[in-house]
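# Report on the structure
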Amino acid sequence: MALVTGESLKAELEVFDIPCQDDSVLDKMVEQCICNRIQAVEMVLEWVAYSTTKNGLKLTTDTLEHFDHEVLSKKNKSKKSLRKEETHNRTRDIHSLQDLIKAEEEEEDLLDAYSTPAKGSQKRALTTPEHPHSKRSTVLLSSPSLLLSPARFSPSTTPSQKYSQRGGKGEVAVSFGVVQGTRWAGSKNLGAGVQLQLLEGPEDSLGCSYKYMFQRLRDVRNVLTEKIEELGDNLKTHFNIEEFAPVSLPAQDSITVLGQVCCDSNGKLNAHSVLLEAGPDQGGQLVSVDLSELKEYSLFPGQVVALEGMNATGKKLMASKLCEGVPLPFYSSDVRMQMDEEPVNILVACGPYTPSDSLTFDPLLDLINVIVKDHPDVCLLLGPFVDSKHEQIEKAQVTETFEDIFSRCITSIVDGTKSVGCHLVIVPSQRDIHHHFIYPQPPFTLPNLTKDQAQRVTLVPDPCTLLIDGVTVGLTSTDILFHMGAEEISCYYPLYPPVEDVNMDYDKFQSFAQMPLTPDVLIIPSELRYFVKDVVGCVCVNPGRLTKGQVGGTYGRLLVQRRAAAEDGSRVSPCLAAQVVKI
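What comes next is a walk through the structure. (Residues numbered from 1 in each chain as written. Predicted model: local features only at pLDDT ≥ 70, side-chain atom pairs only at ≥ 80, totals over all residues. Heavy atoms only, no water.)

Quick look at a nonpolar patch on the surface now. A surface patch of nonpolar side chains, amounting to about 460 Å² of accessible area, comprises Val-15, Phe-16, Val-41, Leu-45 and Phe-214. Turning to its location among the elements, Phe-16 is positioned in the loop between helix H1 (6–15) and helix H2 (23–36). (Patch = residues over 30% accessible without salt bridge, like charges linked within 9 Å, V, L, I, M, F, W, Y side chains within 5 Å. Areas by Shrake-Rupley, 256 points an atom, 1.4 Å probe, with all protein chains shown as cover. Salt bridge = Lys/Arg side-chain N within 4 Å of Asp/Glu carboxyl O. Helix = DSSP H or I, 4+ residues; strand = E, 2+ residues; numbered from the N terminus.)

In the structure shown here, the tally under the stated rule is 11 aromatic pairs. Judged by centre distance (5.8 Å) and plane angle (70°), the rings of Phe-385 and Phe-406 are edge-to-face. Of this pair, Phe-385 sits in the loop between strand S9 (378–382) and helix H11 (391–394) while Phe-406 is found in helix H12 (residues 402–416), placing the two residues 21 residues apart along the sequence. Just as Phe-385 is buried, Phe-406 falls in that class too. An angle of 70° between the planes, with centres 5.9 Å apart, marks the rings of Tyr-496 and Tyr-506 as edge-to-face. With Tyr-496 in the loop between strand S13 (471–475) and helix H14 (506–512) and Tyr-506 in helix H14, the pair connects residues that are 10 residues apart, well separated along the chain. Lys-533 extends its terminal NZ or CZ atom over the ring of Phe-531, reaching a point 5.6 Å from the ring centre. Taking the ring centre of Phe-330 as reference, the NZ or CZ of Arg-571 above it sits at 3.7 Å. (Phe/Tyr/Trp six-rings, centres within 6.5 Å; stacked < 30°, edge-to-face > 60°. Buried < 20%, exposed > 50% of the residue type's maximum accessible area, 1.4 Å probe, protein only. Lys NZ or Arg CZ within 6 Å of the ring centre and 35° of its normal.)

Each α-helix winds once per 3.6 residues, and so residues spaced three or four apart point in a common direction. Helix length check: helix H9 (residues 217–238) (22 residues) gives 32 Å between terminal C-alpha atoms against 32 Å at 1.5 Å per residue, within 8%. Within the span of H9, buried status applies to Val-220, Val-223, Leu-224, Thr-225, Lys-227, Ile-228, Gly-232 and Leu-235. Contact partners of the buried residues in H9: strand S3 (251–263), strand S4 (274–277), strand S6 (304–311), strand S7 (316–323) and H14. Phi turns positive one or two residues past the end of H9, at Asn-240, with a value near 55°. (Expected span 1.5 Å × (residues − 1). Contact = heavy atoms within 4.5 Å.)

What follows is about the pattern of salt bridges. Tallied over the full model, the rule gives 14 salt bridges. Across the pair Asp-366 and Arg-166 runs a salt bridge whose closest N-O atoms are separated by 3.2 Å. You can see Asp-366 sitting in helix H10 (residues 362–374) and its partner Arg-166 sitting in the loop between helix H8 (161–164) and strand S1 (172–177), a full 200 residues away along the chain. Note on Arg-166: relative accessible area 15%, which makes it buried. Two residues, Glu-171 and Lys-582, come together in a salt bridge whose shortest N-O distance is 3.9 Å. Linking Glu-171 in the loop between H8 and S1 with Lys-582 in strand S20 (residues 575–582), this pair joins segments that are 411 residues apart in sequence.

What follows covers the packing of H10 against H12. Any two packed helices are characterised by the angle at which their axes cross and by the distance between the axes. Viewed as axis vectors pointing N to C, H10 and H12 meet at an angle of 20°, and their least axial separation amounts to 10 Å. Between H10 and H12, the angle is such that the two are roughly parallel. The chirality of how H10 crosses H12 is right-handed. For the pair H10 and H12, the contacting residues are Leu-364, Ile-368 and Val-372 in the first and Cys-409, Ser-412, Ile-413 and Gly-416 in the second. Along the lines of polarity and charge, the residues of the contact of H10 with H12 split into five nonpolar, two polar and no charged. (Axes fitted to C-alpha atoms, helices over the stretch in contact; angles between N-to-C directions. Parallel < 35°, antiparallel > 145°, perpendicular 65-115°, else oblique. Left-handed = near helix turned anticlockwise from the far one by under 90°. Nonpolar A, V, L, I, M, F, W, Y, C, P; charged D, E, K, R; others polar.)

With that out of the way, let us pick up the packing of H1 against helix H3 (residues 40–53). One can describe the packing of H1 onto H3 by two numbers: an axis separation of 9 Å at closest approach and a directional angle of 45°. The angle between H1 and H3 places the two elements in the oblique class. Seen along the crossing, H1 lies across H3 with a hand that is right-handed. Between H1 and H3, the contacting residues are Ser-8, Leu-9, Glu-12 and Leu-13 on the first element and Ala-40, Val-41, Met-43 and Val-44 on the second. Its residues placed into classes, the contact of H1 with H3 shows six nonpolar, one polar and one charged.

Mapping Gly-544 onto the fold places it in the loop between strand S16 (538–542) and strand S17 (547–548). Given a relative accessible area of 5%, Gly-544 falls into the buried group. Remark: the alpha-carbon pair of Gly-544 and Ala-349, spanning 195 residues in sequence, is separated by 7.8 Å. Those residues in contact with Gly-544, other than ones at most four positions away along the chain, are Cys-350, Ser-526, Tyr-530 and Thr-554.

Once that is clear, we can look at the pairing of S4. Along S4, one buried face is formed by Val-274 and Leu-276 and the opposite face, lined by Leu-275 and Glu-277, is buried too. Sheet analysis places S4 next to strand S5 (residues 286–290), joined by three bridges and oriented antiparallel. Across the sheet, the residue bridging to Leu-276 is Val-287, located in S5. (Pairing = 2+ DSSP bridges.)

A grouping of Glu-7, Asp-22, Asp-23, Asp-27 and Glu-31 is seen on the molecular surface, where their side chains present a negatively charged patch. It is H2 that contributes the most residues to the negative patch, three residues altogether. Along the chain, Glu-7 falls in helix H1. On the basis of relative accessibility, which here comes to 62%, the residue Glu-7 falls in the exposed class. (Lys, Arg positive; Asp, Glu negative; His and termini not counted. Charge placed at Lys NZ, Arg CZ, Asp CG, Glu CD.)

None of this, on its own, says anything about what the molecule does.
Below is the structure:
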């Protein structure tokens, strides 16, 4: 159970506009939460319900005493009676493997009482990783393989047969750049020489959780309007457009209009369902678009474009020219490159880290072995770590909390790579069942990390832009490849409206999900086939997922180094080589 504090109770009370400045009242509520084993939000909800029935009773220590007697004590008694009834009916809520073994022993004792044991038979002592009975077990207890044993999480301990029998282990699936003779091993001394930080700094990045589901439609509209106006100014400057005409104004001559691409239905966008929605400065109207005269185009809902054409009736625009995609500038640094500077080896992996038919973390253990063998300087690990789409999690077949499973997973990664000393970057996913289901997504919190461990682990939000030894790396664990064109890289999720799996907060999206520049490397994991491609100077990497259903998947590795401009002044990509490898 999470720790209940006076600050957390005060925050929950403020949601219902209940003022509380008396510390003694908050202390009393904290005491009641601890004694009755309830969280702050449940405590406040019970009080709101109680005070409403008492005609808006004020919050004091005396009224809390009555509240405890009339509500909390009765609720606590009902819980106890329910537990007694469950025990009497021999039904158990198994929260750990040890409880399961204890239940089995009691059942065996009951059977032994009604049977005659065979001569010389002995009851074998049951052992678990939590309670070993040998010195060898004690030594192996700290092993990542035991921490991630399926018995720790689920009564079903059958490992995935398809994963263990997979072929092509360690095979290179895709290569990019000069890979012949490349040494895929870190060159830094235990990662100590690598400079890794968020590009915009911790002050201007999403660093903690926030309250969501409070946005108003007017605020969403304002964010979208500002996007149209900002990208419209860039298009006007880049293509030398004098001014934009209203989209619904009938005109016999060729005009140029600005707007956001929309779909006329809930289905997929096609050549016959394209609408253009203008901003307030251009009338704020919707107009149908005929694209038959365009030789080629790539559009998605939410894309801001400028269209040139004729709108004779004011209801349909016959587009003859499409203006889109003003690329953002690349990162430039005033720091001079050292002559003896060596490339940085980066490993990239995206969850899920278990097969779909078992909660064994064998793929993650194999990845840890790869890290120990190759000694990368930086490991970018993207979620989901505890996948909400996993079969056993959907059916509630786990015996530990999701937070405990995640904690063991991260502990195994940190301890298993301790000898390597590489930097670990942990990125959350909206499929992580224990984390906030919102985009942009705040970073994980790991309060149990030691000081030495925290120096190697960097917790970042989704999305984010990292600066690794002068090379910018864009990261997002949200699958956007179905919706992004080659030239429209201006934010980490340009689609509007978002798909149902993405819960968007547009206020935070405007602040923390925009691309400040074009990254040198963009990591975009997807369900689509893995690839490494150069798109307008940005090396886009889809490393795939570490598992694909019941079989093994892929991970990526890159060799990057900041490089001086060419003799003609043109930019040189800092990505020397990249590969996608089968686990």
